[in-house]
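Now for the letters of each chain:
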There are 2 protein chains.
Amino acid sequence: MNVHHYIACDLRSNDPRWLRGASSYWKSRMKKPLHQFASVGWMVCVGMLLATSSRVVALDNGLALTPPMGWNSWNKFGCNVSEDLIKSAADAMVSTGMKDAGYRYVIIDDCWQVSRDSAGNIVADPKRFPSGIKALADYVHAKGLKFGIYSCAGTNTCAGRPGSRGHESQDAIQYAAWGVDYLKYDWCNHGNESARVAYGTMRDALKQAGRPMVFSICEWGTSKPWLWAGNVGNLWRTTGDIHDCWDCKEQYWTGWTRILDQQNGLESFAGPGHWNDPDMLEVGNGGMSTTEYKSHFTLWCILAAPLIAGNDLRNMPLEIKDILTNRELIAIDQDTLGKQGRRLRKNEHQEIWVKPLKDGSRAVALLNRGTSEEKITVAWEELGYPDGLSISVRDLWAKNNLGKFIGRFSASVPSHGVVAVKVSP
Amino acid sequence: MNVHHYIACDLRSNDPRWLRGASSYWKSRMKKPLHQFASVGWMVCVGMLLATSSRVVALDNGLALTPPMGWNSWNKFGCNVSEDLIKSAADAMVSTGMKDAGYRYVIIDDCWQVSRDSAGNIVADPKRFPSGIKALADYVHAKGLKFGIYSCAGTNTCAGRPGSRGHESQDAIQYAAWGVDYLKYDWCNHGNESARVAYGTMRDALKQAGRPMVFSICEWGTSKPWLWAGNVGNLWRTTGDIHDCWDCKEQYWTGWTRILDQQNGLESFAGPGHWNDPDMLEVGNGGMSTTEYKSHFTLWCILAAPLIAGNDLRNMPLEIKDILTNRELIAIDQDTLGKQGRRLRKNEHQEIWVKPLKDGSRAVALLNRGTSEEKITVAWEELGYPDGLSISVRDLWAKNNLGKFIGRFSASVPSHGVVAVKVSP
């Protein structure tokens, strides 16, 4: 392989493409004219990209072979955590049917910890967690659920609590002793540390501690973790924090559609055991309409995103529960092929997103970002199927078969809404 | 102060100058013509440099107010360390008069450690240190000496033993419990970690552990630690390893004269509690002549360098002991003003180095790098004294007063030799 092909295949680019379109994509990116590359060379190159993306060395802890599902305290409760809150969240996860739908991890985010003792051991807030973390983990485990916790690679967490820097081994051993199953590991107060080194240190400490834990890297995409974290974490955040709105934007957080825009191009880096994480769900937190929450949830499933609910499970309106427990969409997210979906096409307000599934079918989301209802059409050829093929279409929200279609499928999509279908040749 | 002065005073430059010569120095460095700067502005600027260098925030552990003195196992013994060796080195430090001359720290370098236990605690080599590190520290302390140890900021030490990454807090607590007084902290297997972060982590861990320890940063000058380590370590290496030769050069080590060349310009960054470290002494290790060892030792004293002997103290020829215990030169090194000397002038083979002392006098080294004896002259004006002043000169190797001199002092200096004098107006 000559140096040009090597350059074109360079995985430091964050935008390799699967399926078709790679050639025109690269054509638009290359500074040198394409005729320098023989078409055979291109096929080799694209083939290598595909091979490489499936060869990514995944973290060998055997966890998160499908995107992790659970609940986390941060989006709704912030620092206002306690053992009562976590226990009631675990109770609600069972009573609402969330557990039956596949949700497993109950995760305390920041603010459970207050200090370190003289031996450097992390100390939980004795007022808010009077029974201690071990008892809380036991409670969660007794419900048939998994228990998750939070720390930070820096000297302090994002809320200013003690971070794990310099205490990684000690903390990992402590978490293992408590029965922790999942660690979300944040990126504040790091003083320009190398993220790769910092997360590698905790990865090694967790491995050494001996208890398998899902390792959730939360460094906000700053160092393009999709390029290096495949064998470091089970999931890695790709952007700043999500906010409960359609497309708002602040310095550190944005609405979910802005996060969605940043996921396109990252699909080749995800797979069983190692996932891009567009952040936790905002479904049910009150800032968006039910239509918008359905779109948010649908697209997260198309992205093979971790499904970590962030609402108050104890007081969940029926329409919110119905979104979070839509088993047909959850099955798309959890499909064992483990392919992250990508944006097939974007025309003004209309977007078509597609996710290949293990049985050869595709999940397709027709998203309308406009302010009025629009008809959106997807052609079989765009999905890689022959134009004349008669293909079954199932509506994943209505949960009914729409029949067989030849050539294309069209649907009227409400403003800020989505039509999600499974397309099976 | 306008922006130009700010730029000129920028401490990110590694070459600020004290005494005179600053103006011409900057003139040669500035890309913009000097007339942009009013001379008053220059005085302010140079004054700020001086003020800043003395305002550098030093590590607040109260240690190393003069450059640390001691012995380290590496240069002579490498990995071949044991409790017997260290105990005999401590014995010899007392019996040879090294302790009386000011040497205090007995430091085990790499290879004392072999593994970590299941709780992540560092484990000393049970064959080589059967009594354990605590007992060894006790032995050293009983001699009225201080005890030092070695680790590394990476996952493994330079010799491949377990490093401290992720175990910083645990290791610091362990060192404190053992009674460690000095930590040399190396820079292998760090995976492109930020040195500033890595050493900051151990600095914080040592502080937290509560026992004051001299913190010796050994990152070889890679990230210009003089710019950031003033409040991180008590000393920081400025170059790759020293080798026992006059001017040899390999990838990772060089002869002492090449290291000397790299010290010039760093003088403003050193001071009580925070020292540039041109690496340990090679005096007595057999690769150089007695003349060359005297030059090496002299220049290290002029540099206010840490004086860490690296030879076999148990078998020390008289002429080597006389070099290492030259109290008049040690007093230059340990002068409480804490100013690192600088190169005043270099003409072909001849160099003049000068170090200001607390009593207003100056230590001056006339160094001959040539292959035959040369006469070297230093003028009072070069030292900042009036030409006509009658000034006392004392020979620091002959240990006798040479009398009073007007205008200048000259001496014949042998090849690769030095004449070291104290000049007192």
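For every chain, the first residue of the written sequence is number 1, and numbering continues from 1 onward in sequence order. A letter from A marks each chain and a number from 1 marks each ligand, given out in the order of writing. pLDDT decides what is reported in this predicted model: residues at 70 or higher carry local features, side-chain atom pairs at 80 or more are listed and counted, and totals for whole chains, interfaces and linings draw on all residues regardless. With hydrogens and water set aside, each side-chain value is computed from the structure's full complement of heavy atoms.

## A short note on the overall build of chain A
In DSSP terms, a helix is any run of H or I states spanning at least four residues, a strand is any run of E spanning at least two, and both are numbered starting from the N terminus. Counting secondary structure elements, chain A contains 13 helices and 20 strands. Categorising residues by exposure relies on relative accessible area from a 1.4 Å probe, with only protein chains included: less than 20% of the type maximum marks a residue as buried, more than 50% marks it as exposed, and the intermediate range marks it as partly exposed. Within chain A, the proportion of its 425 residues that are buried is 57%. The criterion used for residue contact is that any of the two residues' heavy atoms lie within 4.5 Å. Sequence-distant contacts in chain A: of pairs separated by 6 or more residues, those separated by 24 or more amount to 69%. The Shrake-Rupley method, run with a 1.4 Å probe sphere, supplies the accessible areas, and residue values consider only the shown protein chains as cover. Working note: accessible area of chain A is about 16600 Å², and carbon and sulfur atoms make up 50% of it.

## Some details on the state of the cysteines
Residue and element names in this part refer to chain A. Cysteine sulfur atoms that pair up within 2.5 Å are treated as a disulfide. Overall, the coordinates contain six disulfides over all chains when judged by the stated rule. Between C79 and C111 runs a disulfide, and the two sulfur atoms are separated by 1.7 Å. In this pair, C79 is assigned in the loop between α4 (74–77) and α5 (83–95) and C111 in the loop between β2 (105–107) and β3 (113–116), connecting sequence segments 32 residues apart. Of the residues examined, C79 reaches a relative accessible area of 31% and is grouped as partly exposed. On the basis of relative accessible area, C111 is assigned to the buried category, the value being 0%.

## Here we look at the relation of the copies chain B and chain A
C-alpha atoms of residues with pLDDT of at least 70 in both copies form the basis for the least-squares superposition of the copies. Of the two same-sequence chains, chain B is brought onto chain A (RMSD 0.0 Å, axial shift 0.1 Å) by a rotation of 179 degrees. The relationship between the two copies is best expressed as a two-fold rotation axis. Considering only C-alpha atoms, the part of chain B nearest the rotation axis is B:G166, at 2.5 Å.

## So, the pattern of salt bridges
Put simply, a salt bridge is a Lys or Arg side-chain nitrogen that is within 4 Å of an Asp or Glu carboxyl oxygen. Inspection of every chain in the model, using the stated rule, returns 39 salt bridges over all chains. In this structure, A:D91 engages A:K143 in a salt bridge whose closest nitrogen and oxygen atoms are separated by 2.9 Å. With A:D91 in helix α5 and A:K143 in the loop between α7 (132–142) and β5 (146–152), this pair connects stretches of sequence that are 52 residues apart. Residue A:D91 is classed as partly exposed on the basis of its relative accessible area of 28%. As a salt-bridge pair, B:D60 and B:K207 come within 3.6 Å of each other at their nearest N and O atoms. In this pair, B:D60 is assigned in the loop between α3 (39–55) and β1 (69–72) and B:K207 in helix α9 (residues 195–209), connecting sequence segments 147 residues apart. Classification of B:K207 by relative accessible area gives exposed; the value is 56%. What you see here is one network of salt bridges that share partners, running through A:D261, A:R343, A:K346, A:E351 and A:R369.

## Topic: the interface of chain B and chain A
Each side of the interface is counted separately: chain B has 18 residues, and chain A has 18 residues. Note: buried area is the sum, over both parts, of the accessible area (probe 1.4 Å) each one loses when the two are combined. The junction of chain B with chain A conceals about 1200 Å² of combined surface from both sides, 59% of it contributed by carbon and sulfur atoms. For chain B, the biggest contributors to the area lost against chain A are B:G166, B:S169 and B:V197; these three give 33% of the whole. Here a polar contact means two N or O atoms within 3.5 Å. Within protein one must be a hydrogen donor candidate and the other an acceptor candidate, and residues neighboring in sequence count only if both atoms are side-chain atoms. Run the count over chain B and chain A and you get eight residue pairs in polar contact (both at pLDDT 80 or more). Those elements that place two or more of their residues in the side of chain B that touches chain A are α8 (168–178) and α9 of chain B. With four residues, the single largest contributor to the side of chain B that touches chain A is α8(B). Here the term charged refers only to Asp, Glu, Lys and Arg, the term nonpolar to Ala, Val, Leu, Ile, Met, Phe, Trp, Tyr, Cys and Pro, and the term polar to all other amino acids, Gly among them. Across the side of chain B that touches chain A, the residue classes tally to three nonpolar, 11 polar and four charged.

## Some details on the side chain of B:H167
Residue position: B:H167 is located in the loop between β5 (146–152) and α8. Residue classification places B:H167 among the buried residues on the basis of a relative accessible area of 12%. Separated by 3.2 Å, the side chains of B:H167 and A:S169 make a polar contact. Residue contacts for B:H167: discarding those within four places in its chain leaves A:G166, A:S169, B:R116 and B:G120.

## Describing the pairing of strand β15 (residues 362–368) of chain A
Residue and element names in this part refer to chain A. Buried residues dominate β15, accounting for seven of its seven residues. In β15, alternate side chains face the same way, and those of R362, V364, L366 and N368 on one face and A363, A365 and L367 on the other are all buried. Whether two strands pair depends on DSSP finding at least two bridges between them. Across seven bridges, the pairing between strand β14 (residues 350–356) and β15 is antiparallel. In the sheet register, K355 faces β15, and the bridge partner there is A363. Between β14 and β15, which pair antiparallel one after the other, the connecting turn spans five residues, and G360 there sits at a positive phi close to 90 degrees. Summarising the sheet, β15 and strand β20 (residues 418–424) pair through six bridges and their orientation is antiparallel. Bridge pairing in β20 links A365 to A420.

## Side note on unusual backbone geometry
All names here are of chain A. Even without being glycine, W220 reaches a positive phi, approximately 65 degrees. Counting through the fold element by element, W220 comes out in the loop between β7 (214–217) and β8 (235–237). Since its relative accessible area comes to 26%, W220 is described here as partly exposed. In this model, K399 sits at a positive phi of 60 degrees, which is unusual for a non-glycine residue. Looking at the secondary structure, you find K399 in the loop between β17 (390–395) and β18 (400–406).

## Describing the sheet that holds strand β18 (residues 400–406) of chain B
All names here are of chain B. Strand order in the open sheet formed by six strands is β13-β14-β15-β20-β17-β18, with antiparallel pairing between adjacent strands. This sheet does not close on itself; its edge strands, each paired only once, are β13 (342–347) and β18. Each strand of the sheet is rotated relative to its neighbour by a mean of 25 degrees, with strand direction disregarded. Axis definition: a line fitted to C-alpha atoms, limited for helices to the stretch in contact. Angles are taken between N-to-C directions and run from 0 to 180 degrees. In this fold helix α10 (residues 256–263) packs onto β13, β14 (350–356) and β15 (362–368), with an angle of close to 55 degrees to the strand it touches most, β14. Contacting β14, β15 and β20 (418–424), helix α11 (residues 290–302) runs over the sheet at an angle of about 145 degrees to β15.

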